[in-house]
Amino acid sequence: VTFAGGMAVEGFTPVVAIYSTFLQRAFDQVIHDIALQNLPVRFVLDRGGLVGEDGPTHHGTFDLSYLGMIPNFVIMSPKDEAELRHMIQTMVAYDKGPIAVRFPRGHGLGVPLTEEPRILPIGKGEVLVEGKDVVFFAVGSMVAISLEAAELLRSKGIRATVVNSRFVKPLDTKLLEELLHNEPVLITAEENSLHGGFGAAVNQYLINQGYDTTRIYNAGIPDQFIQHATTKELQEEIGLSAGAFAETAIGMVRARKQLFKPLAG
C-alpha cells in the first residue's frame, strides 16, 4: 500500500489488488500514506462479504466500515460481473483521491458481458424495479437477493422498489430522498457489518435530515464473528436471504398500514 502511494506521487496509476481481510493489516498505511495525502490509489478488494468455505478468518465483513470512516475515499460495490468491469474502468479513470471496489468470492451471476466497460458517474445509484410500498436500498451482492425478495412480495400484493446503490461513499442522497417522498418503508441491505457500514451511513444522513427512522430496517452482518459454512447457508442463518427480506418487508408494511388505519366511526 505504501509502495502504491509512492507510485501515485510519481504520476503512475497504481492498483492494489488484495483480499478484503488482508487490507485490514494495512489500515494505518491506508490512512497515513494514502488518504491523508489524497493520493489516487485504486483498491480492488476480493472476497468482500461472506466467503463461505474459506472460513471465519477470511470473511470480508468490515471493509465498508473501515474504509467508509476514512476521509477522501470513494467506495463502490457491483451488483454483478458486468458492473464490476464498469467500476474497474471508473476507478482507473478517477484521479481525485483514493477509490475502492469490493466484490464477493465465488462465481458471477452469469450476466452477459457484451457492453464495453464505461465510466460510471461517481455517487449515482440506479433504480432497477419500481414500487410504492417498500424500498430496498441495496449494495453489491445484496442487490440480486433484493430483486428476488421483490418478486416474492409481488405475489403478496406488495410492490417494492429495488435500488442498486453502487456507491457506499458517497451516497446517492438525492435518489434516496426522491424514493422516500411517498413514505414507503426502507430496507438497506449489505453484506458487511451493521456497525459503521452502508446502512449506518444511510441512517446518519436521514437522521440529520429529520426523516422518520421508525420505518427503516438495516439488513447486514450482526455483531459477531461468522463461522464456517457455505455462503448460502451463512446468508440464511443471519437473515440475508430473499425470504428473510420479504418477511421483514411484509411485517413493516403491515405495521405501517395499521398505524395509519382510520379510526372506526
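Below, the structure is looked at part by part. (Residues numbered from 1 in each chain as written. Predicted model: local features only at pLDDT ≥ 70, side-chain atom pairs only at ≥ 80, totals over all residues. Heavy atoms only, no water.)

**Overview of the pairing of strand β9 (residues 185-193)**
Then, in step 1: In terms of burial, β9 is a largely internal element, nine of the nine residues being buried.
Then, in step 2: In this view, the connection linking β9 to its parallel neighbour strand β10 (residues 216-221) by way of helix α8 (residues 198-208) has right-handed handedness. (Buried < 20%, exposed > 50% of the residue type's maximum accessible area, 1.4 Å probe, protein only. Helix = DSSP H or I, 4+ residues; strand = E, 2+ residues; numbered from the N terminus. Right-handed = clockwise from strand over helix to strand, strands pointing away.)

**What to know about the packing of aromatic side chains**
Then, in step 1: A full pass over the atoms with the stated rule returns six aromatic pairs.
Then, in step 2: Between F62 and F225, the aromatic rings sit 6.4 Å apart at their centres with planes inclined by 80 degrees, giving edge-to-face as the arrangement. Placement of the pair is F62 in the loop between β2 (42-46) and α4 (63-68) and F225 in the loop between β10 and α9 (231-237), with a sequence separation of 163 residues.
Then, in step 3: Look at F62 and you get partly exposed, because its relative accessible area is 30%.
Then, in step 4: On the basis of an interplanar angle of 25 degrees and a centroid distance of 6.1 Å, the ring pair of F136 and F245 is categorised as stacked. (Phe/Tyr/Trp six-rings, centres within 6.5 Å; stacked < 30°, edge-to-face > 60°.)

**Considering a nonpolar patch on the surface**
Then, in step 1: Together, V15, I88 and V92 make up an exposed nonpolar region whose accessible area comes to about 210 Å².
Then, in step 2: Turning to its location among the elements, I88 is positioned in helix α5 (residues 81-93). (Patch = residues over 30% accessible without salt bridge, like charges linked within 9 Å, V, L, I, M, F, W, Y side chains within 5 Å. Areas by Shrake-Rupley, 256 points an atom, 1.4 Å probe, with all protein chains shown as cover. Salt bridge = Lys/Arg side-chain N within 4 Å of Asp/Glu carboxyl O.)

**Concerning the pattern of salt bridges**
Then, in step 1: Enumeration over the complete set of coordinates arrives at 13 salt bridges.
Then, in step 2: Residues R47 and D54 are paired through a salt bridge, measuring 2.7 Å at the closest nitrogen-oxygen approach.
Then, in step 3: Taking the relative accessible area as the measure of exposure, R47 reaches 15% and is therefore buried.
Then, in step 4: Assessed through its relative accessible area of 25%, D54 is described here as partly exposed.

**Things to note about the sheet that holds strand β8 (residues 167-169)**
Then, in step 1: The strand order β1-β2-β4-β3-β8 describes an open sheet built from five strands, whose pairing is mixed. A single partner strand is all that each edge strand has here, and the edge strands are β1 (15-19) and β8. Taken pair by pair, the neighbouring strands of this sheet meet at an average axis angle of 20 degrees, ignoring direction.
Then, in step 2: Relative to strand β4 (residues 99-102), β2 is paired through four bridges, and the arrangement is parallel. Each bridged residue has a counterpart across the sheet, and for V44 the counterpart in β4 is V101. (Pairing = 2+ DSSP bridges. Axes fitted to C-alpha atoms, helices over the stretch in contact; angles between N-to-C directions.)

**Considerations on α8**
Then, in step 1: Taken together, the buried positions of α8 are occupied by F198, G199, V202, N203, Y205 and L206. On an axial view of α8, the arc spanned by its buried residues comes to 165 degrees, and they lie on one face. Among the exposed residues of α8, those pointing more than 90 degrees away from its buried face are Q204, I207 and N208.
Then, in step 2: Residues of α8 that are buried sit in contact with β6 (134-138), β8, α7 (173-179), β9 and β10.
Then, in step 3: G210, located one to two residues past α8, shows a positive phi value of around 80 degrees. (Arc of directions from axis to C-beta. Contact = heavy atoms within 4.5 Å.)

**Here's the deal with the side chain of D63**
Then, in step 1: Of note, D63 is situated in helix α4.
Then, in step 2: Taking the relative accessible area as the measure of exposure, D63 reaches 0% and is therefore buried.
Then, in step 3: Setting aside residues no more than four positions away along its own chain, D63 makes contact with S20, L45, G48, G68, R102 and N192.

**Focus on the pairing of β10**
Then, in step 1: Pairing analysis gives five bridges linking β9 to β10, with the strands arranged parallel. Residue pairing for β10: T188 is matched across the bridge by N218.

**Focus on the nonpolar core**
Then, in step 1: Counting 35 residues, the largest nonpolar core has F43, L67, F73 and L186 as the members making the most contacts within it.
Then, in step 2: Put simply, the parts of the chain that give this core at least two residues each are α1 (2-9), α3 (27-35), β2, α4, β6, α7 and α8.
Then, in step 3: Here F73 is in contact with V30, A35, F43, L67, P98, I99, A100 and K169, once residues within four sequence places are set aside.
Then, in step 4: M142, V143, F245 and I250 belong to the second-largest nonpolar core, a separate cluster that totals 30 residues. (Core = buried A, V, L, I, M, F, W, Y, C linked by side-chain atoms within 4.5 Å.)

**A closer look at the sheet that holds β6**
Then, in step 1: Spatial strand order, β5-β7-β6-β9-β10: five strands in an open sheet with mixed pairing. Where the open sheet ends on each side, the last strands, each with one partner, are β5 (126-129) and β10. Each strand of the sheet is rotated relative to its neighbour by a mean of 25 degrees, with strand direction disregarded.
Then, in step 2: In this sheet, strand β7 (residues 160-164) lies alongside β6 in parallel orientation, the contact comprising five bridges. The partner of F136 across the bridge, within β7, is V162.

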